[in-house]
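Descriptive structure summary
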Amino acid sequence: MTGKKVTRRKFVADTGKIGLGVMIVPRHVLGGVGYQAPSDTINFAVVGFGGMGSENALELAKTENLVAFADVDFGFSASKVAEKLKDDQKKDRPEGITLKQKFDKAARYSDFREMLDKQKDIDGIVIATPDHLHAVITKAAMQNGKHVYVQKPLTYSVHEARVLRDLALSNPKIVTQMGNQGHSSDGARLVNEWIQAGIIGPVREVHVWTNRPVVYWPQGVPRPTGSPPPAPPPSPFGNPYSFRYVNQLLASAMGSYPVPPGLHWDLYVGPVAEDVPYHPIYHPFNWRGWINFGVGALGDMGAHLIDHPFWALGLTYPTSIEATSTQWGTMPIPPDPKAAAGSREARGYNKPVSYPVATAVHYQFPARGTQPPVKLNWYDGGLYPPRPDLLPDDVTLKSEGGVIFIGEKGILMNDTYGSNPRLFPIGLTEDAALVPKTYPRITWTHEMNWVKAIKGEAKASSPLEYAAQLTETMLLGIVALRTGQGRKILYDGERMTVTNIPEANQYLTREYRAGWAV
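Notes on the structure in this doc start here. Numbers given for residues are sequential positions, taken from 1 along each chain in its written order. The predicted origin of the model limits local features to residues at a pLDDT of at least 70 and limits the giving and counting of side-chain atom pairs to 80 or more, whereas totals for whole chains, interfaces and linings rest on all residues. Based on all heavy atoms of the structure, the side-chain values leave hydrogens and waters out of the count.

With respect to the overall build of the protein
The secondary structure listing takes helices from DSSP runs of H or I that are at least 4 residues long and strands from runs of E that are at least 2 residues long, numbered from the N terminus. Summing up its helical and strand segments, the protein has 16 helices and 17 strands in all. In this treatment the radius of gyration is a C-alpha quantity, and the globule benchmark scales as 2.2 Å times the residue count to the 0.38 power. Against the globule reference of 24 Å for 518 residues, the protein gives a C-alpha radius of gyration of 25 Å, in line with a compact fold. By principal-axis analysis of the C-alpha atoms, the protein measures approximately 100 × 60 × 50 Å. Buried, partly exposed and exposed residues are distinguished by accessible area as a fraction of the type maximum, computed with a 1.4 Å probe on protein chains only: under 20%, between the cut-offs, and over 50%, respectively. Looking at the protein residue by residue over its 518 residues, the buried ones come to 53%. Partitioning the contacts of the protein with sequence separation of at least 6, the portion at a separation of at least 24 is 71%. Areas reported as accessible are Shrake-Rupley estimates using a 1.4 Å probe. Residue values count occlusion only from the protein chains shown. Here the protein displays about 23500 Å² of accessible surface, and carbon together with sulfur accounts for 56% of that area. Side chains of the protein give 54 positive and 49 negative charges; the mean places of these two sets differ by 4 Å. Between two residues, a contact is recorded if the distance between any of their heavy atoms is within 4.5 Å. In this count, Lys and Arg are taken as positive residues and Asp and Glu as negative ones, while His and the chain termini are left out. By convention, the charge on Lys lies at NZ, on Arg at CZ, on Asp at CG and on Glu at CD.

Dropping the structure here:
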């Protein structure tokens, strides 16, 4: 994307200066309302077109040029594009038709690495794959000098978040954005202004909740085995149908499936070191609940919900984290006769494979200047926070989630994506109306904010420098959860180290398949 924009007014003035001299007229000067010159158009590509990738592309394709995409399942990608041709009333959808036209013309690749190697006309790349691939693709794209828009969560692990943040800081000309669209909303800015103006007083406690994954994707379920059901075990209670045996039956009942034609399962698995056989329970979308591919509800919705207190209160690294949950989904690991006597490997054990249905995480953040320490509490899977005393009895906590800031003078609530901020007691609303707008509003979409930043017309709303620290905080909840219930981890953010439980540090990173390490 090159070229300096020439306005109509400047063109007229310049022609007056040169009299009858010859002047070559830039096409966009005479192009009429809505015309955008090719030199002002971004060439973008998408990696992972099936889910949010197609939604992001729908917005970008209105004005920018889709030149290529990479996906391991072309058929699913095409089906998501076809869904956008009609609106809810079955009428033609102009932006969907535009996307379809550009999608059909775009170069297509199964492997993003081949796309980066061969497709030299790409300015920016949207990365919207399952979580486990985000950092691998983003790092490769940035090392190739491409601007990146990365779906949330930014990364699968704390280590990956640090790597991408360092890469962004060392390459300031690369425009980066995480896809937590609520960060560009008016509501988020209003929350910041009210909190920072002291409308509810100093904040020491925040509650955040979501109903994910309930009704969205499965968690707390065993890995499919495809093997015959096991025989009922002996039971001291007279009934063999224990929790463990029911899960063994469920694992067997889900069966086994061949890889569908057109799905490149090996590329889908990507950096995962473990051999994971294909099953339709993983793809599409349901990968979020599986440890190999996603980071659960906290990774999915934390970027939309923890974002607002993290930003408004100026939080950085938590100093301690503890987590509790319902049962993990597991798979049985048989005893290893070669393992050390008395070890879990020698006994056999149940290995976690899918995240619990419901989780609660409690973060402690230190004081920041004159602001007091903050305890931030996360609840998912249908769990709700306790109702604050100042919340009127007739106010319902929305099932889909929200945020409650508890201050010394009152409380502030907002819905998901920072929407609908409101204050209690109601009388605080009069004071809030006098707070000046100190945060510039973004009058276009989150995707177009990224495009305008690439063109030098705006600043990216949620660049990796910010998004990586937010993501790290979210993922530290997963680290605490995997460390074990009833335990609190103490975290040194400057050193990226759990200081009190050494074995917890293994969960800050991951094991990679050869050739895929970040």
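Still more to cover.
A word on the packing of helix α2 (residues 52-60) against helix α4 (residues 94-105)
Interaxial angles span 0 to 180 degrees and are taken between N-to-C directions of axes, which are lines fitted to C-alpha atoms, for helices over the stretch in contact. The interhelical angle for the contact between α2 and α4, taken along N-to-C directions, is 105 degrees, at an axis separation of 9 Å. With respect to α4, the element α2 is oriented roughly perpendicular. Seen from α2, the contacting residues are S54, A57 and L58; seen from α4, they are E95, G96 and L99. Each residue is assigned to one class: nonpolar for Ala, Val, Leu, Ile, Met, Phe, Trp, Tyr, Cys and Pro, charged for Asp, Glu, Lys and Arg, and polar for all the others, Gly among them. Residue composition of the contact of α2 with α4, by class: three nonpolar, two polar and one charged. For classification purposes, an angle smaller than 35 degrees is called roughly parallel, one larger than 145 roughly antiparallel, one from 65 to 115 roughly perpendicular, and anything else oblique.

Here's the deal with the sheet that holds strand β3 (residues 107-109)
Note on pairing: DSSP must find at least two bridges between two strands before they are called paired. If you walk across this open sheet you meet the six strands as β3-β2-β1-β4-β5-β6, and the pairing is parallel. With one partner strand each, in any of the chains shown, β3 and β6 (176-178) form the two edges of the open sheet. Here the average twist between neighbouring strands, direction ignored, is 20 degrees. Pairing geometry for strand β1 (residues 43-47) and strand β2 (residues 65-70), over five bridges, is parallel. Residue pairing across strands places V46 opposite F69, the latter belonging to β2. Of the strands in this sheet, β1, β4 (124-127), β5 (147-150) and β6 are in contact with helix α6 (residues 131-143), which crosses β5 at around 165 degrees.

Let's talk about empty space enclosed by the protein
A pocket here means an open set of points on a 1 Å grid, computed over the protein atoms alone, that has protein on both sides within 12 Å along at least five of seven lines. A cavity is instead a set of points where a 1.4 Å probe fits but cannot get out; residues with an atom within 4 Å of a point line either one. Grid points are joined across faces, edges and corners, and a volume is the space filled by probe spheres set on the points. Under the defined criterion, the tally for this structure stands at two cavities of 30 Å³ or more. What the largest cavity holds in volume is close to 90 Å³. Forming the boundary of the largest cavity are Y156, S157, V158, V295, Y355, L475, I478, V479, R482, Y507 and T509. Looking at the lining of the largest cavity, the element that brings in the most residues is helix α16 (residues 464-483), giving four residues. Classifying every residue of the lining of the largest cavity by side-chain character gives eight nonpolar, two polar and one charged. Of the pockets and cavities examined, the second largest cavity occupies roughly 70 Å³. Every residue lining the second largest cavity is counted, 13 residues in all, and those nearest its centre are A297, L298, T359, D380 and I478.

With respect to the environment of A360
Among the structural elements, A360 can be located in strand β11 (residues 359-365). By relative accessible area, which is 8% here, A360 ends up buried. A sequence separation of 101 residues divides A360 from V259, and the C-alpha atoms of the two residues are 36 Å apart. If near-sequence neighbours (up to four positions away) are discounted, A360 is found in contact with E322, A323, T324, W378 and Y379.

Concerning the nonpolar core
Throughout, nonpolar core names a set of buried Ala, Val, Leu, Ile, Met, Phe, Trp, Tyr and Cys residues whose side chains join them through atoms within 4.5 Å. Judged by nonpolar contacts, the single largest core of 90 residues is most densely connected at I306 and F405. Sorting elements by how many residues they give to this core places α16 first, with 12 residues. A61, F69, V81 and F103 belong to the second largest nonpolar core, which has 22 residues in total.

A word on the pattern of salt bridges
What makes a salt bridge here is a side-chain nitrogen of Lys or Arg within 4 Å of a carboxyl oxygen of Asp or Glu, nothing more. Tallied over the full model, the rule gives 25 salt bridges. Taking the shortest distance from any N to any O, the salt bridge between R212 and D300 comes out at 3.2 Å. Here D300 lies in helix α11 (residues 296-305) and R212 lies in the loop between β7 (203-210) and α9 (243-253), a separation of 88 residues in the sequence. A relative accessible area of 15% places R212 in the buried class.

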